[in-house]
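# Structural characterization, general
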Amino acid sequence: MESSAPARVLVVAYRTAATPALIEAVAARAADGPAVFTLLVPLAPHGLHRLVDPEDTDDSEAQMVLGLALPLLEEAAGAAVEGKIGDHNPYDAIHDAMNVDGYDEIIISTLPAPVSRWLRNDLPSKLKPLGVPITTVTAKGAGARVARP
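A quick note: this is a predicted structure, and the numbers were derived from the prediction, not measured.

Rules used throughout
Residues numbered from 1 in each chain as written. Predicted model: local features only at pLDDT ≥ 70, side-chain atom pairs only at ≥ 80, totals over all residues. Heavy atoms only, no water. Helix = DSSP H or I, 4+ residues; strand = E, 2+ residues; numbered from the N terminus. Buried < 20%, exposed > 50% of the residue type's maximum accessible area, 1.4 Å probe, protein only. Areas by Shrake-Rupley, 256 points an atom, 1.4 Å probe, with all protein chains shown as cover. Polar contact = N/O pair within 3.5 Å; in protein donor to acceptor, adjacent residues only side chain to side chain. Contact = heavy atoms within 4.5 Å. Salt bridge = Lys/Arg side-chain N within 4 Å of Asp/Glu carboxyl O. Core = buried A, V, L, I, M, F, W, Y, C linked by side-chain atoms within 4.5 Å. Pairing = 2+ DSSP bridges. Phe/Tyr/Trp six-rings, centres within 6.5 Å; stacked < 30°, edge-to-face > 60°. Lys NZ or Arg CZ within 6 Å of the ring centre and 35° of its normal.

## Overview of the overall build of the protein
Helix and strand content of the protein: 5 helices and 6 strands. Tracing the protein from N to C terminus, the helices and strands come up as β-α-β-α-β-α-β-α-α-β-β. Per-residue burial over the protein gives 42% buried out of 149 residues. Accessible surface, the protein: about 8000 Å² in total, of which carbon and sulfur atoms supply 55%.

Structure (structure tokens):
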């Protein structure tokens, strides 16, 4: 028996939250069927805060990312998109969101492989035990590569 409730999609991005690649991926997912989107922006500590006290990072930068990206993603989704700020560690931020709200799918938007810490740390593969489809969107200027399992 199939549920009539829309799929809950967690979109995880930071520097790539307002890129054409992610906007196109959200529009494509919205076209695939009913979905409700949430944008999760992990905190980004800088300098010594990355080592000493990353959890005490000011969230003003993440708030700016949400402010810029949410209107673009809402237009792509054709509906409101919720915005959340998460833990500085994207793995922990995603697990927290999954545990608190539960999502049916995850879209991870990253920088290209040579500069992406998320890809160097193999974040998409580490999330497979969550048991939900994970789509990885890599921003590359105006284009993108979307990898689906």
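## Remarks on the side chain of threonine 16
Among the structural elements, threonine 16 can be located in the loop between strand 1 (7-12) and helix 1 (20-32). Among the polar contacts made by the side chain of threonine 16, one reaches the side chain of serine 109 at a distance of 2.6 Å. Among all residues touching threonine 16, those that are not within four sequence positions of it are Leu22, Ser109, Thr110, Leu111 and Ala139.

## Here we look at the pattern of salt bridges
Counted by the stated rule, this structure contains 2 salt bridges. Arginine 29 is the salt-bridge partner of glutamate 105, the closest N and O atoms lying 2.8 Å from each other. In this pair, glutamate 105 sits in strand 4 (residues 105-110) while arginine 29 sits in helix 1, placing the two residues 76 residues apart along the sequence. Neither residue differs from the other here; glutamate 105 and arginine 29 are each classed as buried. Here aspartate 101 ties to lysine 84 by a salt bridge, and the two come within 2.0 Å at their closest N and O atoms. Here the residue aspartate 101 occupies a position in helix 3 (residues 90-101), and lysine 84 occupies one in strand 3 (residues 82-86), the gap between them amounting to 17 residues.

## Section: the nonpolar core
Counting residues in each nonpolar core, the largest one holds 41 residues, and the members touching the most others are Leu10, Val11, Val26, Phe37, Leu39, Ile94 and Ile106. Of all elements in the fold, only strand 1, helix 1, strand 2 (35-42), helix 2 (60-77), helix 3, strand 4 and strand 5 (134-140) reach the threshold of two or more residues within this core. Here this core gets 8 residues from one element, more than from any other, and that element is helix 2. Residue contacts for leucine 10: discarding those within four places in its chain leaves Thr38, Leu40, Ile94, Ala97, Tyr103, Glu105, Ile106 and Ile107.

## Some thoughts on the pairing of strand 5
Summarising burial for strand 5: 6 of the 7 residues are buried, a large majority. With 5 bridges joining them, strand 4 and strand 5 adopt parallel strand pairing. Residue pairing in the sheet places isoleucine 108 in a bridge with threonine 136 of strand 5.

## Looking at the packing of aromatic side chains
Each pair of aromatic rings is reported with the distance of its centres and the angle of its planes. Counting across every chain of the model gives 0 aromatic pairs. Here the basic side chain of arginine 8 rests over the ring of tyrosine 103, its NZ or CZ set 4.8 Å away from the ring centre.

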